[in-house]
Amino acid sequence: MRAISELYEEALGKASDKSSLADITKQLDCLFNPLQHFPHPKAAEIISSADKTNNQQKISKDVLAVLRALNDNRDHPAFILIAPAFMGQFSDDVHPGMVRNAFKELGFSGLLEVAVFADILTLREALEFEHNIHTNKDFMLTSCCCPMWLAMIKKMYSDLVPHMPPSVSPMIAAGRVVKKFQPESLTVFVGPCVAKKAEAREKDIVGAVDYVLTFQEAQEMFDLLGVNLLAQKDTIKELSSEAGRIYARTGGVSAAVQATLKTLNPHHDIELTAQQADGIPACRQMIDDLLTGKSTANFFEGMGCVGGCVGGPKSLLKKDTARDLVNTYGKKALYKTPLDNPYVLKLLYRLGFESLESLLEDENLFVRSI
């Protein structure tokens with residue numbers, strides 16, 4: 001059994017920037033001890049009519065719902081869960097900490113990068129591979145983060161469902177963890193994907209994420225309330241590893257799990273050989289190749305949008321630009337994998353996981369019925 005506490009101490013010892021670890025508990029305070037940030041003063045004007053501002057400006061349905069929820073739940077914490085594709089979405093000059101503080105100005109208690117929870121799911125998928133792949137005939141399907149890919153497998157290739165680990169998406173993992181520590185909190189996911197709105201309402205995972213906004217809708221909210229992102233301070237928090245940050249682009253999940261598996265078990269008897277596809281036609285072709293024996297891979301990653309999440313329909317950037325920004329942000333991470341990331345290991349310990357193996361025994365936080 002590999003103890004989380006021991007891995008945490010190892011990660012602390014290997015960390016290249018010791019100064020960033022001095023306030024490790026404080027860095028996680030936004031989740032454990034959130035401060036109240038009351039709704040923007042102009043919000044009362046925005047929610048005074050059905051779907052327009054007082055000057056008759058149209059408000060999107062979900063933006064209006066979030067503004068109302070912020071006001072109605074002002075006695076409880078509210079969290080933004082932001083997708084790994086967020087880099088550069090609000091301008092090249094707007095850095096992660098500036099986005100965090102802009103949402104606080106709107107009335108949110110904190111912002112959590114979903115990449116942190118992608119780290120956790122990466123670790124879980126690496127454990128699944130280690131546990132289940134022992135011969136050249138064994139294989140796994142991923143990516144838990146794409147509802148379009150998962151729906152395609154369940155509808156068109158149901159016989160392959162047993163080869164898909166029952167992991168929730170990083171979005172749902174983030175929402176569940178927040179609700180565990182702050183049961184009365186409001187959770188709002190922000191990303192480039194429209195399908196996430198339906199995913200949040202699926203019956204076996206409903207309740208983890210209260211609302212889903214696209215990047216476009218988030219920008220609308222900033223504009224409506226006159227929140228200037230460029231005027232915000234850049235509060236730096238290094239909570240996610242490179243593995244979690246690159247989930248947003250095609251091949252990111254595969255690369256993350258592959259790197260984590262090498263750290264977890266460099267002598268595993270079967271090497272992870274990945275194949276990726278993006279866009280539904282390419283995903284179908286990849287699965288058809290698997291079924292007809294044309295593929296030699298044992299780890300199959302599918303993304304519904306071309307380019308991955310960065311190619312989502314509500315991205316504010318062209319997919320190639322967004323991909324490059326995601327890769328750059330990944331390279332800047334202080335930690336390469338979740339096993340190197342003391343923040344993730346500390347979080348797992350606070351969640352009650354005493355060993356890595358206990359992640360595979362979990363039936364509440366990080367799994368779903370598929």
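Residues numbered from 1 in each chain as written. Predicted model: local features only at pLDDT ≥ 70, side-chain atom pairs only at ≥ 80, totals over all residues. Heavy atoms only, no water.

(A) Molecular detail of the packing of aromatic side chains. Counting across every chain of the model gives 10 aromatic pairs. On the numbers, 5.9 Å between centres and 85° between planes, the contact of Phe103 with Phe108 is edge-to-face. Here Phe103 and Phe108 have matching classes, each one buried. With 4.9 Å between their ring centres and 55° between their planes, Phe103 and Phe222 make a pair best called tilted. Residue Phe103 is located in helix α6 (residues 96-106), and its partner Phe222 is located in helix α11 (residues 215-225); the two are separated by 119 residues in the primary sequence. A single burial state applies to Phe103 and to Phe222, both of which are buried. Counting every residue linked through ring pairs, the aromatic cluster contains Phe90, Phe103, Phe108, Phe215 and Phe222. When the ring centre of Tyr329 is taken as origin, the NZ or CZ atom of Arg245, which lies over that ring, is 3.8 Å away. (Phe/Tyr/Trp six-rings, centres within 6.5 Å; stacked < 30°, edge-to-face > 60°. Buried < 20%, exposed > 50% of the residue type's maximum accessible area, 1.4 Å probe, protein only. Helix = DSSP H or I, 4+ residues; strand = E, 2+ residues; numbered from the N terminus. Lys NZ or Arg CZ within 6 Å of the ring centre and 35° of its normal.)

(B) Quick look at the pairing of strand β6 (residues 274-278). In this structure, β6 lies alongside strand β7 (residues 299-303), joined through 5 bridges in parallel fashion. The residue of β7 that forms the bridge with Asp278 is Met303. Crossover handedness for the path β6 to helix α14 (residues 280-291) to β7: right-handed. (Pairing = 2+ DSSP bridges. Right-handed = clockwise from strand over helix to strand, strands pointing away.)

(C) How the structure looks around the nonpolar core. Among the nonpolar cores identified, the biggest contains 124 residues, and Phe103, Phe108, Leu141, Trp149, Ile153 and Phe366 are the most heavily contacted of them. At 9 residues, helix α7 (residues 115-132) tops the list of elements feeding residues into this core. Those residues within four positions of Phe103 in sequence are excluded, and the remaining contacts are Ile80, Ile82, Phe108, Leu111, Val190, Ala218, Met221 and Phe222. (Core = buried A, V, L, I, M, F, W, Y, C linked by side-chain atoms within 4.5 Å. Contact = heavy atoms within 4.5 Å.)

(D) Region of the structure containing the pairing of strand β2 (residues 110-113). Residues Gly110 and Leu112 line one face of β2 and the alternating positions Leu111 and Glu113 line the opposite face, and both faces are buried. Bridge analysis of strand β1 (residues 78-82) against β2 gives 4 bridges, and the strand direction is parallel. Counterpart to Ile80 in the pairing with β2 is Leu111. Crossover connection from β1 via α6 to parallel β2: handedness right-handed.

(E) Highlighting the side chain of Ser254. Looking at the element boundaries, Ser254 is found in helix α13 (residues 252-264). Owing to a relative accessible area of 1%, Ser254 belongs among the buried residues under this scheme. If sequence neighbours within four positions are ignored, Ser254 has contacts with Ala274, Gln276, Phe299 and Glu301.

(F) Quick look at the sheet that holds strand β3 (residues 140-142). A sheet is described by the order of its strands in space; here 3 strands give the open sequence β3-β7-β6, paired in parallel fashion. Each edge of the sheet is formed by a strand with only one pairing partner; in this case those strands are β3 and β6. Each strand of the sheet is rotated relative to its neighbour by a mean of 20°, with strand direction disregarded. α7 rests against β3 and β7 of the sheet, and its axis sits at about 165° to β3. (Axes fitted to C-alpha atoms, helices over the stretch in contact; angles between N-to-C directions.)

(G) How the structure looks around the pattern of salt bridges. Enumeration over the complete set of coordinates arrives at 14 salt bridges. For Arg368, the salt bridge identified is with Glu202, shortest N-O distance 2.5 Å. With Arg368 in the segment after α17 (358-361) and Glu202 in the loop between α10 (195-199) and β5 (211-214), the pair connects residues that are 166 residues apart, well separated along the chain. A salt bridge links Arg323 to Asp324; the nearest nitrogen and oxygen atoms lie 3.1 Å apart. A relative accessible area of 34% places Arg323 in the partly exposed class. (Salt bridge = Lys/Arg side-chain N within 4 Å of Asp/Glu carboxyl O.)

From the geometry alone we can't say anything about function, so treat these as descriptive.
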